[in-house]
Amino acid sequence: MTTQAPEIKIVDTFRVACDGGGAATGHPRVWLQLPHETGFVECPYCDAKYVHKDFEDKV
């Protein structure tokens, strides 16, 4: 069995909300802050990776 890679989402803000993508398959909504130094953050529930558009080619 293989494990799917976490989803990568390109965003244009440094603060995002993640709820896992659905009521039945999701998780509690959390607000995540993207650090200005690295430009990305990973959701602690679903491992989705949020990348700021200015850091898209650096991550």
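In case you missed it, the structure is sitting above this.
**Thoughts on the overall build of the chain**
No. 1: Summing up its helical and strand segments, the chain has 0 helices and 5 strands in all.
No. 2: If you list the helices and strands of the chain from N to C, you get β-β-β-β-β.
No. 3: Taking the principal axes of the C-alpha coordinates as reference, the chain spans close to 35 × 25 × 15 Å.
No. 4: The buried share among the 59 residues of the chain stands at 29%.

**A few points about the side chain of His 52**
No. 1: Secondary-structure assignment places His 52 in strand β5 (residues 49-52).
No. 2: For His 52, a relative accessible area of 3% corresponds to the buried category.
No. 3: Looking at His 52, its side chain comes within polar contact range of the main-chain oxygen of Asp 12, at 3.5 Å.
No. 4: Every residue in contact with His 52, bar those within four places of it in the chain, is listed here: Val 11, Asp 12, Thr 13, Phe 14, Leu 34 and Gly 39.

**Quick word on the packing of aromatic side chains**
No. 1: Per the stated rule, a full pass over the model turns up 0 aromatic pairs.
No. 2: Above the plane of the ring of Phe 40 lies Lys 49, whose end atom (NZ or CZ) is 4.5 Å from the centre.
No. 3: Above the ring of Phe 55, the side-chain terminus of Lys 58 is found at 5.2 Å from the ring centroid.

**Concerning the sheet that holds β5**
No. 1: Pairing within the open sheet is mixed, and its 3 strands lie in the order β1-β5-β4. Because the sheet does not close on itself, it has two edges, and the strands there are β1 (8-11) and β4 (40-42). Between one strand and the next, the sheet's axes are offset by a mean angle of 20 degrees, whatever the strand orientation.
No. 2: As paired elements, β1 and β5 share 4 bridges and run parallel to each other. Bridging across to β5, Ile 8 finds its partner in Lys 49.

Rules of the game
- Residues numbered from 1 in each chain as written.
- Predicted model: local features only at pLDDT ≥ 70, side-chain atom pairs only at ≥ 80, totals over all residues.
- Heavy atoms only, no water.
- Helix = DSSP H or I, 4+ residues; strand = E, 2+ residues; numbered from the N terminus.
- Buried < 20%, exposed > 50% of the residue type's maximum accessible area, 1.4 Å probe, protein only.
- Polar contact = N/O pair within 3.5 Å; in protein donor to acceptor, adjacent residues only side chain to side chain.
- Contact = heavy atoms within 4.5 Å.
- Phe/Tyr/Trp six-rings, centres within 6.5 Å; stacked < 30°, edge-to-face > 60°.
- Lys NZ or Arg CZ within 6 Å of the ring centre and 35° of its normal.
- Pairing = 2+ DSSP bridges.
- Axes fitted to C-alpha atoms, helices over the stretch in contact; angles between N-to-C directions.

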